[in-house]
Amino acid sequence: MSETTRLSKCLVAQLGCSRREAELYIGGGWVTVDGQVIDEPQFPIDQQVVALLPGAKPEPLEPVTLLLHQEAGLDAEAARNAMNPGNRSEAHATERRVLRGHFARLTCLAPLQAGASGLQIYSQDWRTVRKIDSDLNKLEQEYVVEVRGQIIATGLERLNRGFNWKGHELPKVKASWQNETRLRLVLKNPAAGLVELLCRSVGLEVVGMRRIRLGGVAMAKLPAGQWRYLESKEKF
């Protein structure tokens, strides 16, 4: 059996570059092995053909923000760990190359209510992290809540004006019916458990809930369990 060499070491020998530059080329998705992009510096090389793509630059990856349609039953960490190049939404595919580095050092921003599904946001971009952290109290979050039970008289009015219920000061929200069993709630920076508490305060039991929007960014038709990149034109 022939001895293999790490891709990064092979690239150093081939290009005469530094190890750091080799790792930047590889992590940036600029290196092919037998024509296939490989972004793992430790990838074993034997007799394969190693080459650089046109326009290759030894520069750090631009940070990205990922939007995930998180499935019910997962927490933010499990959902993040489940994201990979294979479950990117085909409906939202662009020319952007999906690289392993896009799934590293992701921060979950404005986490979902416990037990909820829907729009979950992860980012590597410090500008996006700072924007959402600083504006969180002002950003609307829109939830569609599946409920059962009979709403009390003037229940929607109470939700829309805010009220005190069993010692809880409940904030006013924008509440409306989407259909007979789905309540639409728009609220700002909801505390943990607030959606369930709001529903219970007007006689409704939460069966499930799904966040569909944070600020100006909507989940739209992103399939459950799949993710997409935040586009430059989208603003929270």
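Residues numbered from 1 in each chain as written. Predicted model: local features only at pLDDT ≥ 70, side-chain atom pairs only at ≥ 80, totals over all residues. Heavy atoms only, no water.

A. Representation of the overall build of the protein. For the protein, the count of helices and strands is 6 helices and 16 strands. Against the globule reference of 18 Å for 236 residues, the protein gives a C-alpha radius of gyration of 23 Å, more extended than a compact globule. For the protein, the proportion of its 236 residues judged to be buried stands at 42%. For the protein, long-range pairs separated by at least 24 residues make up 67% of all intrachain contacts whose partners lie at least 6 apart in sequence. In the form shown here, the protein has an accessible surface area of approximately 13,100 Å², with 49% of it arising from carbon and sulfur atoms. Both charge centroids of the protein, one from 32 positive and one from 27 negative side chains, sit 7 Å from each other. (Helix = DSSP H or I, 4+ residues; strand = E, 2+ residues; numbered from the N terminus. Rg over C-alpha atoms; globule rule 2.2 N^0.38 Å. Buried < 20%, exposed > 50% of the residue type's maximum accessible area, 1.4 Å probe, protein only. Contact = heavy atoms within 4.5 Å. Areas by Shrake-Rupley, 256 points an atom, 1.4 Å probe, with all protein chains shown as cover. Lys, Arg positive; Asp, Glu negative; His and termini not counted. Charge placed at Lys NZ, Arg CZ, Asp CG, Glu CD.)

B. Quick peek at helix α2 (residues 19–27). Within the span of α2, buried status applies to Ala22, Leu24, Tyr25 and Ile26. Buried positions along α2 lie against α1 (7–15), β2 (31–33) and β5 (50–52). Where α2 ends, the next residue or the one after it, Gly29, has phi of about 75°, a positive value.

C. Structural context of the environment of Arg158. The residue Arg158 is located in helix α5 (residues 155–161) in this model. With relative accessibility at 19%, the residue Arg158 sits in the buried group. In this structure, Arg158 is in contact with Ile152, Phe163, Trp165 and Ser201, ignoring residues within four places of it in sequence.

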